[in-house]
Amino acid sequence: MEEMSKDKENTGCSSCDSHTCDKKDCKSCAQKKKIMKLPANPANHIKHVVGIVSGKGGVGKSSVTSMVAVELQRQGYKVGILDADVTGPSIPQIFGMHTVAKSGKGKGIEPVETPSGIKMMSVNVLLEAEDTPVVWRGPVITGVVKQFWTDVLWRELDYLLIDMPPGTGDVALTVFQSLPVDGIIMVTSPQTLVGMIVKKACKMADKLSVPILGLIENYSYIVCSDCGKKMPVFGKSRVEAFAEESNLRVLAKLPVDEKLAEAGDEGTIEKYHNEEMVQAVGTITALVEK
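The model shown is predicted, which means the values in this text are computed figures rather than measured ones. Per chain, residues are indexed from 1 in the order of the written sequence. Given that this is a predicted model, residues contribute local features only at a pLDDT of at least 70 and side-chain atom pairs are listed and counted only at 80 or more, while totals for whole chains, interfaces and linings are drawn from all residues. Values shown for side chains rest on all heavy atoms present in the structure; no hydrogens or waters enter the calculation.

Quick notes on the layout of surface pockets
One way to see where empty space is left: roll a probe the size of a water molecule over the atoms. Here is the rule we go by: Both cavities and pockets are sets of points on a 1 Å grid over the protein atoms alone; in a cavity a 1.4 Å probe fits but cannot get out, in a pocket the set is open with protein on both sides within 12 Å along at least five of seven lines, and lining residues sit with an atom within 4 Å of a point. Grid points are joined across faces, edges and corners, and a volume is the space filled by probe spheres set on the points. Numbered from the N terminus, helices here are DSSP runs of H or I no shorter than four residues, and strands are runs of E no shorter than two. Each residue gets one of three labels, nonpolar for Ala, Val, Leu, Ile, Met, Phe, Trp, Tyr, Cys and Pro, charged for Asp, Glu, Lys and Arg, and polar for the others, Gly among them.
For the second largest pocket, the calculated volume is near 320 Å³. With five residues, the single largest contributor to the lining of the second largest pocket is helix H7 (residues 192–207). Looking at the lining of the second largest pocket residue by residue, the class counts come to eight nonpolar, four polar and six charged.

Structure, rendered in structure tokens:
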């Protein structure tokens, strides 16, 4: 009994035998989490993995993912996007990519590459027709997401961004547990309902010990074309109060922008510029690389 007590003391956890617990300083649990991570493709060297997350759909995660990727690329980083929204992929359309991914000579799958050099993998670049529905059950979907990590030849990347599907279900759990995620960016919009659901995603990340880098509020306001005044079309922003309550930082408050909508529709996101996103990406890289 004395030896067993000493062993538990050495692991930093005195309450678990099997062995799992919620204590962040438990060395045994930390080791298990490390073992659970999927091995990377031997051809790949990916420095940082960042997820873009929200508990709810329709808040603009894919647009935010694309803008972050474009700005990282402009700042000189090598960037890839893993589109984990298997049943509702939109990343290829936002970048105007309508090509089909090719085999990497038996070693894996080559990602498609945008005009500026951003690498991308999505189920839509594997389908013969872009409008083919993906009617798969959860285990198959999570298996595809895992293969996007293990089988795609990303090679040298400074940042791999993961565009997550909405919610706290199978894919989120798989990504957080199986991939070496350095941190996540939470995307929200001003409505109280969205904030409540985003809290669920924040609590999930906390339970799985995934760092939250900060919040981006999308659809925060519109700018009057005549006077330049910012007008909150979806109600008063509560993101600062939510951030303070959750001990998080606000990375950016993005407007409803006609030019961004056009860029997404026309596949020209790499030509779009937003000054707030420049500052947000500077903060994100500082947090991830410190």
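Details of helix H3 (residues 61–74)
Note the following rule: The length a helix should cover is 1.5 Å for every residue beyond the first. For each residue, the accessible area found with a 1.4 Å probe, counting protein chains only, is set against the maximum for its type, and the residue is called buried under 20%, exposed over 50%, and partly exposed in between.
With 14 residues, H3 extends 20 Å between its outermost C-alpha atoms, agreeing within 8% with the 20 Å of an ideal straight helix rising 1.5 Å per residue. Buried residues dominate H3, accounting for twelve of its 14 residues. Following H3 by one or two positions, Gly 76 has its phi on the positive side, about 95°.

Some words on the sheet that holds strand E2 (residues 79–83)
The line we're drawing: Note on pairing: DSSP must find at least two bridges between two strands before they are called paired. Pairs of residues are marked as contacts when any of their non-hydrogen atoms sit within 4.5 Å. The axes used here are C-alpha line fits, helices contributing only the stretch in contact, and every angle between their N-to-C directions lies in the interval 0 to 180 degrees.
The sheet built from eight strands is open, its strands ordered E5-E6-E2-E7-E1-E8-E9-E12 with mixed pairing. Edge positions in the sheet fall to strand E5 (112–113) and strand E12 (250–253), since each of these pairs with one other strand and no more. Relative to strand E6 (residues 119–121), E5 runs antiparallel, the two sharing two bridges. By the bridge assignment, Glu 113 is partnered in E6 with Lys 119. Running at roughly 165° to E2, helix H5 (residues 138–150) makes contact with strand E1 (45–53), E2, E6 and strand E7 (156–163) of the sheet. Here helix H8 (residues 239–246) sits on the sheet and contacts strand E8 (183–188), strand E9 (212–217) and E12; the angle it forms with E12, its principal contact strand, is near 170°.

Points about unusual backbone geometry
You will see that Ser 209, though not glycine, has its phi angle at about 60°, which is positive. With a relative accessible area of 40%, Ser 209 lands in the partly exposed category. If you check the backbone angles, Asn 247 has positive phi at about 60° while not being a glycine. Inspection of the secondary structure puts Asn 247 in the loop between H8 and E12. Using a relative accessible area of 71% as the deciding quantity, one classes Asn 247 as exposed.

As for the packing of aromatic side chains
This is how it is decided: To pair, rings of Phe, Tyr and Trp, with the six-membered ring standing in for Trp, must have centres within 6.5 Å; the planes then decide the type, stacked if under 30 degrees apart, edge-to-face if over 60, and tilted in the middle.
All told, the structure shown has two aromatic pairs when counted by the stated rule. Between Tyr 77 and Tyr 159, the aromatic rings sit 5.3 Å apart at their centres with planes inclined by 90°, giving edge-to-face as the arrangement. Of this pair, Tyr 77 sits in the loop between H3 and E2 while Tyr 159 is found in strand E7, placing the two residues 82 residues apart along the sequence. Under the relative-accessibility criterion, Tyr 159 is labelled buried at 1%.

Here we look at the pattern of salt bridges
What counts here: Here a salt bridge means any side-chain nitrogen of Lys or Arg lying within 4 Å of a carboxyl oxygen belonging to Asp or Glu.
The tally for this structure, following the rule as stated, stands at five salt bridges. When the shortest N-O distance is used, the salt bridge between Glu 245 and Lys 199 registers 3.1 Å. Of the two residues, Glu 245 is situated in helix H8 and Lys 199 in helix H7; the sequence distance between them amounts to 46 residues. Given the relative accessible area of 30%, Lys 199 is considered partly exposed.

Section: the environment of Leu 179
Relative to the assigned elements, Leu 179 resides in the loop between helix H6 (170–178) and E8. A relative accessible area of 1% means that Leu 179 is categorised as buried. With 130 residues separating them along the chain, Leu 179 and Val 49 place their C-alpha atoms 8.1 Å apart. The contacts of Leu 179, once residues within four sequence positions are left out, are Lys 37, Leu 38, Trp 149, Ile 162 and Thr 174.

Overview of the packing of H5 against H6
Worth spelling out the cut-off: Crossings are classed by handedness, with left-handed meaning an anticlockwise turn of the near helix from the far one by less than a right angle and right-handed meaning a clockwise turn.
Their axes nearest at 9 Å, the elements H5 and H6 cross at an angle of 35°. As H5 packs across H6, the resulting crossing turns out to be right-handed. Contacts from Gly 138, Ile 141, Thr 142, Val 145 and Lys 146 in H5 reach Asp 170, Val 171, Thr 174, Val 175 and Ser 178 in H6. Of the residues belonging to the contact of H5 with H6, the class tally is four nonpolar, four polar and two charged.

Digging into the packing of H3 against helix H10 (residues 275–289)
Note the cut-off: Each angle is binned into one of four classes, with values under 35 degrees roughly parallel, values over 145 roughly antiparallel, values of 65 to 115 roughly perpendicular, and all other values oblique.
Between H3 and H10, whose axes approach to 10 Å, the crossing angle comes to 75°. One way to sum up the angle between H3 and H10 is to call them roughly perpendicular. In this structure, H3 contributes Met 67, Val 68, Glu 71 and Leu 72 to the contact, and H10 contributes Met 277, Val 278, Val 281 and Thr 285.

Considerations on a negative patch on the surface
How we decide: Patch membership requires more than 30% relative accessible area and the absence of a salt bridge. Residues of like charge join within 9 Å; the nonpolar side chains Val, Leu, Ile, Met, Phe, Trp and Tyr join within 5 Å. Per-residue and other accessible areas were derived by the Shrake-Rupley procedure at a 1.4 Å probe size, with only the shown protein chains allowed to occlude residues. We treat Lys and Arg as the positive residues and Asp and Glu as the negative residues; His and chain ends play no part in the count. Here the site of a charge means atom NZ of a Lys, CZ of an Arg, CG of an Asp or CD of a Glu.
A cluster of acidic side chains, namely Glu 258, Glu 262, Asp 265 and Glu 266, defines a negative patch on the protein surface. Inspection of the secondary structure puts Asp 265 in helix H9 (residues 258–266).

Focus on the side chain of Ser 66
Structurally, Ser 66 can be placed in helix H3. In contact with Ser 66, not counting residues within four places along its chain, are Ile 91, Ile 94, Phe 95 and Ile 269.

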